[in-house]
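Residues per chain are reported as follows:
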Amino acid sequence: MSPRPVRVAGAVGIGAAAAALAVYPLLSHNAYHQNVLLLAFLLAVMASSWNIISGYAGYVSLGHSVFLGIGAYAVAITGEHLTVSPFWLTPVGAVAAALSALVLGAVIMRTRGHSFVIITIAFLFLMQLVALNWSSLTGGSGGATLPLPRWSLDWVYTPFYYALLVLLALSMLLSWWIRRTKFGTGLIAIREDENKAAAIGITTPVYKVLAFVASAVLIGAAGGIYGYFLNFFEPRGMFNILTSVEIVLAVLLGGRATIWGPVLGAFALQGIKEATNVYLGGSEAHLVVFGVLMGLVVLFMPRGVLPTVSGWVERRQTAGVAVPSIEVRARPAPASLEARAATNGHGGGRRALLEVKGARKSFGGISAVDGCSLSVQEGTITALIGPNGSGKTTLFNLIDGTMRADAGEIWFDGRQIDGQRPWVRAHAGIGRTFQITRLFHQMTVLENVVAPLRSFSWRQLAADAVSGPEAARAEELLDFVGMGKFGGVRAAALSYGQQKLVELAQVLMLDSKLIMLDEPAGGINPTLIEHMAEMIRELNRQGKTFLIVEHNMPLVLGLCDPVLVLARGSCICSGTPSEVQADPRVLDAYLGEDFRLEQPAGVP
Amino acid sequence: MTELVQTIVLGLLIGGVYALAASGLTLIFGVMNVINVAHGAFLILAAYVTFAVWTRTGIDPLVFALATTPAMFALGWLVYKLLVSRIAGAPASMSVLLTFAFALVIEGILGLVYKGVFRAMTPSYFDESFHLGGLFFPKAQVYAAALAVGLLVLLYLVLTRTWLGRAIRASAQNPSGARLVGVDPGAVAALTFALGIATTGAAGSAIGVLYPFFPAAHYAWISRLLGIIVLGGMGSLPGALVGAMLLGVAETTTSTYFSVRWATAVPYVLILVVLLLRPHGLFGERVREDVVTA
């Protein structure tokens, strides 16, 4: 957070700029200036919208100008049959863009990374071709026309100016609102680590499709106004890849995933465009300038101006601030956990909380999990051990739904879950940590801990990202793991052991019935290991069931009962720690068959 | 029937040139996980260079391909060393933006020099054909396809018979493993990128004879090439060959039996359909996403 005087000065500056833009057309009738400004507003609307899907959610779309074209054509086509002012049809453009984003999003959100980029470009060009070829509807290359404005020539651009200024305010409001809701943090979680987001209960497809729609709707509205402003347009100009380039460039310049970055970037870029027009002339020079600018930004300032500057400020402010330390001491588990454990409890009678029946998963020719069957009894701390490559982590992935099993069944809490998606399993009560910690690095520790979701509801999407009771619970959990002083620290700044503790608190926030820990003691110091073991015991006393993968044998043998042994993808034996230690199959699995050859002569 | 065979033959002939250009794109993606969006722009650049030489000296464009290929190799190496190497390891979307930026610069410069008008190269044989059993084989397409096949064979030999080829394939399959056995990933990446761009040299010279071109034509070409490698499976060379043939035939049949205007839509539809139904394409491998590489 910036210091208070800076924020006040910022708010005053922004207010003054907004007021100046609002009264400007009343003071001056300079059509050229109004023209430049309204084009900057248009670009800012698009950049701000694009930022929702590509900045927050991290899905880079290079064909986003398609929604401008869809909005413009929707308004032009409906306008042919109506005699109202095209301004009244702006919602038609918005709805058309939102609907096409919904349909396209529902299918393309199954793809990730490079596939997504390629599809967005392909969709833009495809729409351009459709508009060119379906001339009975769109006028083809002959173009589409909207009626000429009927107002006085003195005000030639002013109505467009105000319409786009209103849209700009709306788009910033939308961007700001999304950023402070659960929906917004969910999108950032998806950007940072999509699989992890799903594992902590975030219904990723709904988030992504909604973000795509939110990023299209105001561009569609702007398309209607822009079309009216142009009066005449044709497919190559409306479905133009260069407009997409301008959008991307504006956001990259200003700063991705910020609220002001896209807007500032858009104004800067519009200024650069005008300067190129005046001093270099022609669209070819534009291309070179845009290309060079984009190359420079990608190479030297990929985060954009605003985040880079705020990074400096943050560093100057945090320099010299004492680093808090972990508080390693036993404390009771938070009361909120007890409450849920008590309602989950089924008295003394033990039952299998998790059952894996004949699970199989192979990668190419390698069977990582090969007919594995095991069960975890409610209320136990069950260990899962086995040599490297025996399939432990893959089994975790099958149980939490990160991967689908090729064959076999998985039952949890009396329900078959193997066909369900990860977030459904998280909602059902399975939580896990990862072998190599996977926190959302750009979020603070507190934001990380409140990110998990125990269920999905539409209302929850609009809820505040960090609400009072939730924050209190998260702080309670952070206190419990000994990280209470770290709430405001960025996750990326934590040490590995600290990250392990925060990841535990994150899983506790889900309040799962079954907590799966993948090497909780891996890579952390002995004091912390003891602290970890103590916390696991305490949580277990409160009714939590654990399934733990661990290579630290003293820890496993002292903490867990029963112990399951996995070798070559199947569970070869299970029992109390002492039974497992004595089992020859276990020695065989760990040490190989040669081991017996070295036994003293005379022993069979 | 003859019409169908003729359509397929023309599709396969043009598919040969597509295959050459697409092989470079898929090679670059397979080895360094970079989608070179500037591939189409490099093609058009090579076409313009060939055009400039052809109009001044009359050197046959397809013969001049022997010069554009090494020239584009050198340009590719430079671009990698100066630009692409700086974002090694960044998300794929960053490489898309960077190469897109490069494409814009090439398009802009070509526009400044040659203006946005259509150009075409018309060597003496451009409207002549071979005739065989009721079918015709346009000479330019036959020569271009022969050139493309020859260079593809050469590329195949480099990749399978030389140390560089083994190093490239090793880097593609397991970068850290390749580093362990003494392959310098930076040098291999630079040579791979150069090799990939080199394919746009000959392909660009050939395209300049087969199609009219203008600076912004690179969008249509990159879409076509992306369609091919998406269909074949991104990163797969055999996939690029098969994908190129299929796209060539799909385009010629669409223009013969449906509409010339919609033939240009084939690559876009192909990209959308393939990525949605079979995202790893015909020959692509499903990668194991869970293993974290440090």
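Definitions and limits used
- Residues numbered from 1 in each chain as written.
- Chains lettered and ligands numbered in written order.
- Predicted model: local features only at pLDDT ≥ 70, side-chain atom pairs only at ≥ 80, totals over all residues.
- Helix = DSSP H or I, 4+ residues; strand = E, 2+ residues; numbered from the N terminus.
- Buried ≥ 20, exposed ≤ 12 C-beta atoms within 10 Å, placed from the backbone.
- Contact = placed C-beta atoms within 7 Å.
- Nonpolar A, V, L, I, M, F, W, Y, C, P; charged D, E, K, R; others polar.
- Expected span 1.5 Å × (residues − 1).
- Pairing = 2+ DSSP bridges.
- Axes fitted to C-alpha atoms, helices over the stretch in contact; angles between N-to-C directions.
- Left-handed = near helix turned anticlockwise from the far one by under 90°.
- Core = buried A, V, L, I, M, F, W, Y, C linked by C-beta atoms within 7 Å.
- pLDDT = per-residue confidence, 0-100.
- Right-handed = clockwise from strand over helix to strand, strands pointing away.
- Parallel < 35°, antiparallel > 145°, perpendicular 65-115°, else oblique.

Within chain B, the secondary structure is distributed over 12 helices and 2 strands. Beginning at the N terminus, the succession of helices and strands in chain B can be written as α-α-α-α-β-β-α-α-α-α-α-α-α-α. In terms of its C-alpha atoms, chain B occupies a principal-axis envelope of roughly 60 × 45 × 35 Å. Considering chain B as a whole, with its 294 residues, one finds that 52% of them fall into the buried category. Considering only intrachain contacts with a sequence separation of at least 6, the fraction spanning at least 24 residues in chain B is 78%.

Another aspect to go through is the overall build of chain A. A tally of helices and strands in chain A yields 27 helices and 12 strands. In terms of principal-axis extent, the alpha carbons of chain A reach across some 105 × 55 × 45 Å. Residues classed as buried in chain A amount to 49% of the 604 residues present. Of all intrachain contacts in chain A linking residues separated by at least 6 positions in sequence, the fraction that spans at least 24 positions is 76%.

We now examine the interface of chain B and chain A. Taken together, the contact between chain B and chain A spans 38 residues of the former and 36 residues of the latter. Mapped onto the side of chain B that touches chain A, the elements with two or more residues apiece are helix H4 (92-114), helix H9 (218-232), helix H11 (260-263) and helix H12 (266-277) of chain B. Broken down by element, the residue count for the side of chain B that touches chain A peaks at 16 residues, all from H4(B). A class-by-class count of the residues in the side of chain B that touches chain A yields 28 nonpolar, 5 polar and 5 charged.

So, about helix H13 (residues 261-279) of chain A. Residues and elements named next belong to chain A. Look at H13: 26 Å from first C-alpha to last across 19 residues, which is about the 27 Å you get at 1.5 Å a residue. By the burial criterion, the buried members of H13 are Gly-261, Pro-262, Val-263, Gly-265, Ala-266, Phe-267, Leu-269 and Gln-270. Gly-281 sits one or two residues past H13 and shows a positive phi near 70 degrees.

Residue and element names in this part refer to chain A. Taken in spatial order, the 6 strands line up as S8-S9-S10-S5-S11-S12 in an open sheet, and their pairing is mixed. Two strands bound the open sheet, and with one partner strand each, they are strand S8 (430-432) and strand S12 (570-575). The mean angle between the axes of side-by-side strands here comes to 20 degrees, regardless of whether they run parallel or antiparallel. Where strand S5 (residues 381-385) meets strand S10 (residues 545-549), 4 bridges bridge the pair, whose relative direction is parallel. By the bridge assignment, Thr-382 is partnered in S10 with Leu-547.

Residues and elements named next belong to chain B. Relative orientation of the contacting elements helix H3 (residues 61-82) and helix H8 (residues 185-210) amounts to 145 degrees, with a least axis distance of 6 Å. Here H3 and H8 pass one another in a crossing that is right-handed. Here the residues of the contact of H3 with H8 are counted per class, giving 20 nonpolar, 9 polar and 1 charged.

Bringing the sheet that holds strand S4 (residues 366-377) of chain A into the picture now. One open sheet accounts for 4 strands, arranged S4-S3-S6-S7 (chain A); its pairing is antiparallel. Only two strands of the sheet have a single partner each, and these edge strands are S4 and strand S7 (415-416) of chain A.

All names here are of chain A. Along the chain, Gln-128 turns up in helix H5 (residues 113-133). In this structure Gln-128 comes out as buried when scored by C-beta crowding, with 25 C-beta atoms within 10 Å. Taking the C-alpha atoms as reference points, Gln-128 and Phe-239, separated by 111 residues in sequence, lie 5.4 Å from one another. Discounting chain neighbours no more than four positions away, the residues touching Gln-128 are Pro-235, Arg-236 and Phe-239.

This part is about the environment of Val9(B). All names here are of chain B. In this fold, Val-9 is placed in helix H1 (residues 2-32). Here Val-9 falls in the partly exposed class, since 17 other C-beta atoms lie within 10 Å of it. Taking the C-alpha atoms as reference points, Val-9 and Leu-135, 126 residues apart in sequence, are found 8.7 Å from one another. Apart from the residues lying within four places of it in its own chain, the contact partners of Val-9 are Leu-135 and Phe-137.

It is worth spelling out the nonpolar core at this point. Residues Leu164(A), Ala222(A), Val17(B), Ala148(B) and Ala206(B) are the most contacted members of the largest nonpolar core, which totals 293 residues. The element contributing the most residues to this core is helix H10 (residues 204-230) of chain A, with 17 residues.

The next subject is the confidence of the model for chain B. Residue and element names in this part refer to chain B. Scored by pLDDT, chain B comes out at a mean of 88, with 97% of its residues at no less than 70. Averaged pLDDT values for the elements of chain B fall to 80 in helix H7 (residues 175-180) and rise to 95 in helix H2 (residues 39-57). Confidence drops under a pLDDT of 50 for residues 287-294, and excluding neighbours within four residues, the segment shows 6 contacts in the predicted structure. For this predicted complex, the interface confidence reaches an ipTM of 0.90, while the overall pTM sits at 0.89.

Moving on, we come to the pairing of S10(A). All names here are of chain A. Along S10, 5 of the 5 residues are buried, which leaves the element largely enclosed by surrounding structure. Strand direction decides the pairing type here: strand S9 (residues 514-518) and S10, joined by 5 bridges, are parallel. When the sheet's bridge partners are listed, Leu-517 is paired in S10 with Ile-548. Running through helix H23 (residues 526-541), the crossover from S9 to the neighbouring parallel element S10 is right-handed.

Residue and element names in this part refer to chain A. Where helix H12 (residues 241-254) meets helix H14 (residues 282-300), the closest approach of the two axes is 10 Å, and the angle between their N-to-C directions is 40 degrees. Judged by the angle between their axes, H12 and H14 are oblique. For the pair H12 and H14, the crossing hand works out as left-handed. From H12, Val-245, Leu-249, Leu-252 and Leu-253 reach across to H14, where they touch Phe-290, Leu-293, Met-294 and Val-297. Taken together, the residues that form the contact of H12 with H14 break down as 8 nonpolar, no polar and no charged.

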